[in-house]
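# Residue-level structure breakdown
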Amino acid sequence: MEHIRQRYFGDRAFYKKVLLIALPIMVQNGFTNFVNLLDNLMVGRIGTDQMSGVAIVNQLLFVFNLSIFGALSGAGIFIAQYYGSNDRESMKNVFRMKMLIAGIIMILGVSILFFGKSFLISQFLHDGSVTGNLDATLQYGIDYIDIMVIGLIPYTISQCYASTLRETGETLLPMKAGIASVVVNLCFNYVLIYGKLGMPVLGVRGAAIATVIARVTECVIILGWVMAKRETYDYMHRIFYRFSIPGHIVKEVVAKGTPLLMNEFMWSAAMTILTFCYSTRGLAAVAGINICNTINNVFNIGLISLGNAVSIIVGQLLGAGKFDEAKDSARKLITFSVCFCAGIALVMAATAPFFPLLYNTTDEVRHLATKFILIMAALMPFCAFTNASYFTLRSGGKTVITFLFDSCYAWVVCVSTAAILAFCTDIPVVPIYLICQSLEIIKCVVGFILVKKGVWIHNLSAK
């Protein structure tokens, strides 16, 4: 028993180190998702059509956001390991790559979302329930996305800087900027959505304007602080002066980063296609899944934050050449993530019957949302395992393996299953949702085998 405890559980110093990294990220994600919850509730109080239109657009923006995350993650592996080996010049060159790749994705994303908005939104609008007006939902979605695309510019810039800070262990500044951003978002939501303090009632447009203002606030805070601390963050200064990147760094970042970029894009696209499959059962399914995803994001802050902790801690240990310690830390971090999220799942299940009551929607939508929330709560420990396994594999630069493990699995197994059930059967949406989400259990087995074999143990910073 003592051997098992030492193998899978760390001492007080280990968990203190983990929490020093994870807690600021957790607090930031917590504030962000809590305000997103309030944002969603405020729109949801207007009506089901408005809520559904915003939910569809946010699903499309989800693909963009994760594409940016994937693009930055590939370079981020090198930032963490170069930081572990104290190679500042290489860190600067990798940061240049971050800005370049993210800028290209931003231009493509804004263009596609703005010019293809009507077509993209309409793909999620299907008859099949007594809830909702499809034409009104489409127009609300268009009104929302027209403004939201503006916020993608400051979002991309701030993510380049914030992700780099986190990869060097500096999680407090992004946390503070994130908290300021969500407070601004919440205040302007209240004023602009409902027309308070003499402002006109703007509804979904007000929610979009508030989000853009919040994005700009976060970007200004992060850039202002980094610029004021030039000596501390020298690897993020003068990056455009004599802009050039050594060929070997370009080659390495592209080789390792492309699979991660493709992984995040394809995985987020797979999640969007899953929502599309569920939407074939009517607008009530879209609204119910939106409510479920909103509360799920709040309860998932521990899962996401601990995944980031795995990436940072294990990545720095690999960069320092401490392979045995990295393997031991990964095993204990995965165990901690599963245990922590199992406790969170119990609380989530307890809230399932009550949270949908906060929305101004139909009983049909509330019933579906409750079922979806209970399903996600039951599967949260399994999601925690696969998430921690993913970040462990990624920390050593094994991006092709993570690509196969994550997005390929989502498309080959999850999307194909959902498509067959949605288009070839008359099964209701709740059983379809349960079957598709339960496929995470099979993925746990694959993750366990890959992590145990140690295929991810690799030092990228070694010359």
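Predicted model only: the values in this text are computed from it and were never measured.

Quick look at helix H11 (residues 301–319) now. Look at H11: 27 Å from first C-alpha to last across 19 residues, which is about the 27 Å you get at 1.5 Å a residue. In terms of residue burial, H11 counts as a mostly covered element, since 17 of its 19 residues are buried. Positioned one or two residues after H11, Gly 321 has a phi angle of 80°, which is positive.

In total, this model carries seven salt bridges according to the counting rule given. The closest approach of N and O atoms between Asp 146 and Lys 117, which form a salt bridge, is 2.3 Å. Note that Asp 146 is positioned in helix H6 (residues 134–167) and Lys 117 in helix H5 (residues 117–122), a separation of 29 residues in sequence. On the accessibility criterion, Lys 117 (14% relative accessible area) is buried. One salt bridge connects Lys 443 with Asp 406, and the closest N-O pair in it is separated by 2.7 Å. Residue Lys 443 is located in helix H16 (residues 440–453), and its partner Asp 406 is located in helix H14 (residues 399–424); the two are separated by 37 residues in the primary sequence. The structure contains a network of salt bridges with shared partners spanning Asp 328, Arg 331 and Lys 332.

Another point: the environment of Phe 372. In this fold, Phe 372 is placed in helix H13 (residues 363–395). With 309 residues separating them along the chain, Phe 372 and Val 63 place their C-alpha atoms 21 Å apart.

Here Ser 337 shows up in helix H12 (residues 323–351). Ser 337 gets classed as buried once you look at its relative accessible area, which sits at 1%. Apart from the residues lying within four places of it in its own chain, the contact partners of Ser 337 are Leu 306, Ala 384 and Ala 388.

Quick look at the environment of Leu 186 now. Note on placement: Leu 186 falls in helix H7 (residues 172–194). Separated by 144 residues in the primary sequence, Leu 186 and Met 42 have C-alpha atoms spaced 9.7 Å apart.

A word on the confidence of the model for the protein chain. Predicted confidence across the protein chain gives a mean pLDDT of 83, with 94% of residues reaching 70 or more. Put simply, helix H1 (residues 2–8) is where the protein chain has its lowest mean pLDDT, 62, and helix H15 (residues 429–438) is where it has its highest, 94.

Considering the arrangement of structural elements, one finds Thr 211 in helix H8 (residues 204–228). Given a relative accessible area of 9%, Thr 211 falls into the buried group. Setting aside residues up to four positions removed in sequence, Thr 211 forms contacts with Asp 39, Tyr 144, Met 148 and Asn 185.

So, about the packing of aromatic side chains. Two aromatic rings, taken as a pair, are described by how far apart their centres are and by the angle between their planes. Per the counting criterion, the structure on display carries eleven aromatic pairs. Where Tyr 190 meets Tyr 194, the ring centres are 6.4 Å apart and the plane angle is 70°; that geometry is what we call edge-to-face. Of this pair, Tyr 190 and Tyr 194 both sit in helix H7, four residues apart, which is roughly one turn of the helix. Taking the relative accessible area as the measure of exposure, Tyr 194 reaches 28% and is therefore partly exposed. Ring geometry for Phe 276 against Phe 423: centres 6.0 Å apart, planes inclined by 40°, an arrangement best described as tilted. With a gap of 147 residues between them, Phe 276 in helix H9 (residues 247–279) and Phe 423 in helix H14 connect regions that are remote in the sequence. For Phe 423, a relative accessible area of 48% corresponds to the partly exposed category.

Scoring rules and cut-offs
Residues numbered from 1 in each chain as written. Predicted model: local features only at pLDDT ≥ 70, side-chain atom pairs only at ≥ 80, totals over all residues. Heavy atoms only, no water. Helix = DSSP H or I, 4+ residues; strand = E, 2+ residues; numbered from the N terminus. Expected span 1.5 Å × (residues − 1). Buried < 20%, exposed > 50% of the residue type's maximum accessible area, 1.4 Å probe, protein only. Salt bridge = Lys/Arg side-chain N within 4 Å of Asp/Glu carboxyl O. Contact = heavy atoms within 4.5 Å. pLDDT = per-residue confidence, 0-100. Phe/Tyr/Trp six-rings, centres within 6.5 Å; stacked < 30°, edge-to-face > 60°.

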